[in-house]
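Inside the fold
What follows is each chain in one-letter form.
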Amino acid sequence: MVKGCIFDLDGVIVDTARYHFKAWQRLAIGLGFDFTEDHNERLKGVSRMASLRILLEVGGLTLPEHEMLKLAAQKNAWYLEYIMKMTPGDILPGVPEFLEKLRIAGIKAALGTASKNALIILVQIGLSHSFDTIVDGNRVTNAKPDPEVFLLAAADLNLSPADCLVFEDAIAGVEAAHRGGMRCIGIGSPAILSQADKIIPDFKDVTLDLIEF
Ligand code: B16
Ligand code: MG
């Protein structure tokens, strides 16, 4: 029986990818090249600096580390402008109801995300008290597909990985869950998330039967 559920943030709880995209695209245009939604797909679940490296590769640019840090800070400032406008209306369908079902059943909930802005986002959408623990990009050294983020979450919950179930929208996240010895439910398209143990489009009308397998 599952004793704890670990949720990725972007693409599972909220769709912040579109705000990341707006900020990265603004940065790319300033650097003199275009950055498309297809390019942005490569950034899902990837840390801020690793995302910047991919973006610079798209633009064919190589920059020194100190310039890269400045660009990442600029991108984040723009991103923060967008996320400060988020409201509970931005929570993806069915998520609050599913979290409530877990709480009533005594199943623990954790957040496991690469984002360093996770707490700000949770406060904006009114979910900062809905998780028993939050493991974000500020606490993690190794990015997904390394399992560190999910193993820390399981340890915080005092549960063994085998008792935990991860919800992820990115291929690297599914791999991270499996490498950590956890099962994983993919949120999104079966074509992309074929390695997940189960796949659902979203949390709309989902019952606790979903996590019994
Ligand atoms: P930040 P997740 C990830 O969130 C995003 O998918 C990814 O696009 C982003 O670069 C990363 O967080 C870092 O975000 O710049 O806010 O630290 O999917 O792991 O919840
Ligand atoms: Mg994600």
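Please read all numbers here as calculations on a predicted model, not as lab measurements.

Partitioning the protein chain into structural domains gives domain 1 (4-15 + 88-211) and domain 2 (17-83). Its C-alpha centre places domain 1 at a distance of 24 Å from the equivalent point of domain 2. Here domain 1 meets domain 2 over a buried area of about 1,000 Å², counting both sides, of which 48% is carbon and sulfur. For the domain 1 face of the interface with domain 2, the top three residues by lost area are Asp10, Asp15 and Asn117, together amounting to 41%. Counting every contact that joins domain 1 to domain 2 gives two salt bridges. One salt bridge in this structure joins aspartate 15 and arginine 18, with 3.5 Å as the shortest N-O distance. At the boundary of domain 1 and domain 2, one finds five residue pairs in polar contact (both at pLDDT 80 or more). Partitioned by chemical class, the residues of the side of domain 1 that touches domain 2 number four nonpolar, two polar and six charged.

Moving on, we get to the side chain of aspartate 90. With respect to the helices and strands, the residue aspartate 90 is situated in the loop between helix 4 (65-83) and helix 5 (95-105). Given a relative accessible area of 18%, aspartate 90 falls into the buried group.

So, about the coordination of the magnesium ion (ligand 2). Protein-derived coordination of the magnesium ion (ligand 2) comes from Asp8 (OD), Asp10 (O) and Asp169 (OD), at a distance range of 2.0 to 2.2 Å. Positions of the donor residues of the magnesium ion (ligand 2), expressed as sequence spacing, correspond to D-x1-D-x158-D. Here aspartate 8, found in the loop between strand 1 (4-7) and helix 1 (17-31), pairs with aspartate 169, found in the loop between strand 4 (164-168) and helix 8 (171-179); they are 161 residues apart in sequence, far enough to count as distant. Assessed through its relative accessible area of 4%, aspartate 8 is described here as buried. Note on aspartate 169: relative accessible area 16%, which makes it buried.

Turning next to helix 8. Restricting attention to buried positions, one finds in helix 8 the residues Gly173, Val174, Ala176 and Ala177. End-on view of helix 8: buried residues confined to an arc of 160°, all on one side of the axis.

Turning to the side chain of aspartate 169, a few remarks are in order. Buried charge aspartate 169 goes without a salt bridge, the closest partner of opposite sign being lysine 44 at 5.2 Å. Ignoring sequence-local partners within four residues, the contact set of aspartate 169 consists of Asp8, Asp10, Gly11, Val12, Lys44, Ile187 and Leu193.

What follows concerns the pattern of salt bridges. All chains considered together, the criterion is met by 13 salt bridges. One salt bridge connects aspartate 163 with lysine 3, and the closest N-O pair in it is separated by 3.7 Å. Taken together, the residues aspartate 163 in the loop between helix 7 (148-156) and strand 4 and lysine 3 in the segment before strand 1 connect sequence positions 160 residues apart. Via salt bridges that share partners, Asp8, Lys144 and Glu168 belong to a single interconnected network.

Quick look at the nonpolar core now. Grouped together as the largest cluster of nonpolar side chains are 52 residues, with contacts concentrated most on Phe7, Ile13, Leu52, Phe167 and Ile211. The element that contributes the greatest number of residues to this core is helix 4, accounting for seven residues. Here this core gathers at least three residues from each of two domains, domain 1 (4-15 + 88-211) and domain 2 (17-83).

It is worth spelling out the site of ligand 1 at this point. Ligand 1 sits among 19 residues. The nearest are Val46, Thr113, Ser115, Lys116 and Asn117. A distance of 3.2 Å separates an oxygen atom of ligand 1 from a polar atom in the backbone of leucine 9. The separation between an oxygen atom of ligand 1 and a polar main-chain atom of glycine 45 is 2.7 Å. When the free accessible area of ligand 1 is taken as 470 Å², the share hidden by the protein chains comes to 98%. Looking at the shell around ligand 1, the elements with two or more residues in it are helix 3 (48-58) and helix 4. Taken together, the residues of the shell around ligand 1 sort by class into five nonpolar, seven polar and seven charged. There are two domains that each give the shell around ligand 1 at least three residues, and those are domain 1 (4-15 + 88-211) and domain 2 (17-83).

What counts as what
- Residues numbered from 1 in each chain as written.
- Chains lettered and ligands numbered in written order.
- Predicted model: local features only at pLDDT ≥ 70, side-chain atom pairs only at ≥ 80, totals over all residues.
- Heavy atoms only, no water.
- Domains from an automatic or database assignment.
- Buried area = accessible area lost by both parts, 1.4 Å probe.
- Salt bridge = Lys/Arg side-chain N within 4 Å of Asp/Glu carboxyl O.
- Polar contact = N/O pair within 3.5 Å; in protein donor to acceptor, adjacent residues only side chain to side chain.
- Nonpolar A, V, L, I, M, F, W, Y, C, P; charged D, E, K, R; others polar.
- Helix = DSSP H or I, 4+ residues; strand = E, 2+ residues; numbered from the N terminus.
- Buried < 20%, exposed > 50% of the residue type's maximum accessible area, 1.4 Å probe, protein only.
- Donors = N, O, S within 2.8 Å, 3.2 Å for Na, K, Ca; no water.
- Arc of directions from axis to C-beta.
- Lys, Arg positive; Asp, Glu negative; His and termini not counted.
- Contact = heavy atoms within 4.5 Å.
- Core = buried A, V, L, I, M, F, W, Y, C linked by side-chain atoms within 4.5 Å.
- Near = heavy atom within 4 Å.
- Areas by Shrake-Rupley, 256 points an atom, 1.4 Å probe, with all protein chains shown as cover.

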